[in-house]
Each structure stands twice: as structure tokens, then as C-alpha cells.
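A closer look at the structure
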2 protein chains.
Amino acid sequence: MLRFTKRSEYGLIALAYLGGQGDSYCSAREIVDTLGLPRRLCAEILKSLSTAGLVEAIRGPGGGYRLKREPSGLSLSEVITVLEGPLRMANCANGGECEKEAACLIATGVNRVADDIQGVLSSFTLADLIAEAQAKINAPTPAIQV
Amino acid sequence: MLRFTKRSEYGLIALAYLGGQGDSYCSAREIVDTLGLPRRLCAEILKSLSTAGLVEAIRGPGGGYRLKREPSGLSLSEVITVLEGPLRMANCANGGECEKEAACLIATGVNRVADDIQGVLSSFTLADLIAEAQAKINAPTPAIQV
DNA sequence: ACAAAATAGCACCATTTCAGTGCCTTTTCA
DNA sequence: TGAAAAGGCACTGAAATGGTGCTATTTTGT
Ligand code: SF4
Ligand code: SF4
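Predicted model only: the values in this text are computed from it and were never measured. (Residues numbered from 1 in each chain as written. Chains lettered and ligands numbered in written order. Predicted model: local features only at pLDDT ≥ 70, side-chain atom pairs only at ≥ 80, totals over all residues. Heavy atoms only, no water.)

1. Brief notes about the relation of the copies chain A and chain B
For clarity, the threshold we go by: Least squares is used to superpose the copies, and the fit set is the C-alpha atoms of residues whose pLDDT is at least 70 in both copies. Any pair of residues with heavy atoms lying within 4.5 Å of one another is described as a contacting pair.
Screw-axis analysis of chain A against chain B gives a translation of 0.0 Å along the axis, an RMSD of 0.0 Å, and a rotation angle of 180°. Overall, the copies show the geometry of a two-fold rotation axis. Closest approach to the rotation axis among the C-alpha atoms of chain A is made by A:Leu2, whose C-alpha sits 2.4 Å away. When the interface residues of chain A are mapped onto chain B, 96% of them again fall at the interface, so both copies present the same face.

2. Quick look at the protein's contact with DNA strand C
Filter applied, for reference: Proximity criterion: a residue is near a molecule or strand once any of its heavy atoms comes within 4 Å of it. In protein, a polar contact means a hydrogen-donor-capable atom and an acceptor-capable atom, both N or O and within 3.5 Å, with residues adjacent in sequence counting only if both atoms are side-chain atoms; elsewhere, any N or O pair within 3.5 Å suffices. Comment: elements are numbered from the N terminus, with helices defined as DSSP H or I runs of at least four residues and strands as E runs of at least two. Under the convention adopted here, Pro, Cys and the residues Ala, Val, Leu, Ile, Met, Phe, Trp and Tyr are nonpolar, Asp, Glu, Lys and Arg are charged, and Gly plus all remaining residues are polar.
Taken together, the neighbourhood of DNA strand C is formed by 26 residues, with A:Lys6, A:Arg40, B:Ala28, B:Arg40 and B:Arg59 sitting nearest. In the interface set of DNA strand C, defined as its atoms within 4 Å of the protein, sugar plus phosphate atoms amount to 70%. Here B:Met1 contributes a backbone N or O atom positioned 2.8 Å from a phosphate oxygen of DNA strand C. Listed by contribution, the elements that provide at least two residues to the surface near DNA strand C are helix 1 (6–19) and helix 3 (39–51) of chain A together with helix 3 (39–51), strand 1 (55–58) and strand 2 (64–67) of chain B. The leading source of residues in the surface near DNA strand C is helix 3 of chain B, at 4 residues. Classifying every residue of the surface near DNA strand C gives 10 nonpolar, 8 polar and 8 charged.

3. Section: the interface of chain A and chain B
The extent of an interface is frequently quoted as the accessible surface area lost upon association of the parts. Here is the rule we go by: By buried area we mean the combined loss of accessible area, with a 1.4 Å probe, across both parts when two parts are placed together. For this document, the term salt bridge refers to a Lys or Arg side-chain nitrogen within 4 Å of an Asp or Glu carboxyl oxygen.
Facing the 45 residues of chain A at the interface are 43 residues of chain B. The junction of chain A with chain B conceals about 4,200 Å² of combined surface from both sides, 67% of it contributed by carbon and sulfur atoms. Summed over the three residues of chain A that lose the most area to chain B, namely A:Leu2, A:Leu105 and A:Ile106, the buried surface amounts to 18% of that side. Linking chain A with chain B are 0 salt bridges, by the criterion used here. Elements represented by at least two residues in the side of chain A that touches chain B include exactly helix 1, helix 4 (76–84), helix 5 (107–123) and helix 6 (126–138) of chain A. If one sorts the elements of the side of chain A that touches chain B by residue count, helix 5 of chain A sits on top with 10 residues.

4. Topic: the pairing of strand 2 of chain B
Residue and element names in this part refer to chain B. Selection rule: Strands are labelled as partners when DSSP assigns at least two bridges between them.
Where strand 1 meets strand 2, 4 bridges bridge the pair, whose relative direction is antiparallel. Paired with Ala57 across the strands is Tyr65, a residue of strand 2. Connecting strand 1 to the antiparallel partner strand 2 that follows it, the hairpin turn spans 5 residues, and Gly60 within it adopts a positive phi of roughly 80°.

Right, dumping it as C-alpha cells:
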């Protein structure tokens, strides 16, 4: 239904959290407890991010995860690709093929739309999300302002 | 996995076909036979498009479907909304709500992305798809050119 | 009146994806 | 050596998705 999967959503949340923690390592436990996310599932996600080289993992006490790449160079597109496979809006789109493509009336148009969406996903970076997160952290309790 | 459903895909194909047939009525049978699509499923889709007022349906012999609205005023967003419900990239996005939203680190960013994608879907119209289709019809057999 | 064309309506099934969990192993620090 | 922490594996339940069959109703044409 054209929505983010929980894998992507949780992954982005975890990455945003890590982005706000500088160079220190954060355990999966800390992340899920702080953010209220399902443990095992997030562990799975973090593992994927680790093997993909987006985060750095250190075992043992005091270990955990931290970002391995610059948030400004990490696009949503890349994160999603890691967590749920390459984008494929339709069989013919995003580099795929469809046997009906030659005769299909909308193949060209669908490809354009898919490219545009791919573009949106590529243009947003983790740095953008972190900026939002920081803004939220800087004004955590608006109630005080009253 | 962030892809179009078959409902949307078939729906758009059918609409593109109808767009190329002017004001004459085309039966569902003609559409699915010409385009090689599953009959019952497309019938279901056309019915949805009909009740939503995107196409006009006439029963009985000689009847069928035809576009009810200007292709240039019919956005992909609207078609998709009719066929698979309103876009909702995440619980908090596209007008929805999420109980974690106040504390969520990426809610604002996710909303922006969702709005951008919504924008892409809104900016493409059926007329764009039809234009592509016409171009394809005008050069149907490139083999002849050789 | 009647047969055929065509949409409308309903209920169901199979497959795939998705979200989530359990349990155990390995590494590493104190 | 014990606890913390990531890594690995297999599984389950729920939902979305794609698809079909059958019947009823409307309408045209003969
Ligand atoms: S749009 Fe046409 S070509 Fe592209 S996947 Fe769907 S059917 Fe195949
Ligand atoms: S992004 Fe944050 S707020 Fe939006 S739906 Fe996911 S968890 Fe809820």
C-alpha cells in the first residue's frame, strides 16, 4: 500500500538516535529501551545495518553500535535498500524488466514516476532527519514555555 | 516494499487505454483481452473506478466504460487513493497520527518525505501516461523501420 | 418476449510479505 | 570467570495481496 515497512522505520529511528550520540557506542538494549521499540526486531535491523557497513558494531561490555558513515552522505534510499532490498516500484521500474513492457501503455510513465520517487528518497539524508531530531531535543518540553 | 499494487497498476493501464479510446465505450472484456490482464480482478478495479466517479459505466450490449473526467485533471495520487485507500507512508504521515509522534526522532522528517512523495504522485496525471501511450502507439513496430 | 451483452455484487482461496519472538553462541571487558 | 553485548538460526501469527467462481441485474437488439 505504498508505505514504509517497520524495518525501514525502526532502522531510520535507530540511525537518527545514533546520529545524536556522537562517537560513543550505544547498545541495542539502550536504543530499544529509550525509544520503546521491539528488541529482537531492532537487533535484527541493527545487524543488517552493521553487515551493510552503515554502522560499526563492537561486542562485549561497553560495546554497541555507532554510525560508520557521515549522516550527510547517507540517503534514505540507501538505508531502505539495505533493509528491504532495492526499490522496485513495478516490475519494469527501477532497473527491472517486465515481459509486457514493450506493449505496456504506461511503462514509460511508471518508470518516470518511479525515478522521481527514487529521487526523493535519494535526496533526503540521515543528516536531515537528525536535524529534525536535534530540533526536537532542543525544545523537549514546550509545557515549560507556558 | 514500497511498490505499486497490481490494483493500481492495472487500474492505471485500463485508464490509459480508455484515454486512448476517446468517447466510445469499451467493455471490460475488450480491455482485458487487448491488454492481457486478469479478467475478474480488472472487473473489480473498473467497478471501483466507476463508483468513485472516475469512469462512467453503461450496462448492456454496446455498453462498457469510458473516462468521466479530463485526463489532465486526474492525478495518479487520486487513482491510487481510489484503488488502495489514502496514502499513508507511516502511521504519523499523510494526516495520520501515531502515539509515539511527540517523542519520535524522525516524525517530522518522515512527514516531509511523505509529503514529497505525495507531491510526486499528485503532479503526475493520467494525461502524462496517455501521452506516453500515444507515443508508443505512433511507433508500434520499430522493426519496420529497419 | 427473448437471448445475449455487459456491469454489479458477493464470498472465497492461495500466496507472499510483514512483524515479532525465542533460544542459543560468540566475543570481550572487568 | 561472570556478565554484557552482538551474532546466528528458525519459527510463528497476522495481514495484505492477487486472483477466481458464480450469480444477479440491467439493457439492447431481434
Ligand atoms: S507497468 Fe507495464 S511494463 Fe511496467 S511492470 Fe506493470 S505491466 Fe509490466
Ligand atoms: S515515524 Fe515515529 S511518529 Fe511517525 S509513525 Fe513511525 S514511530 Fe510513529
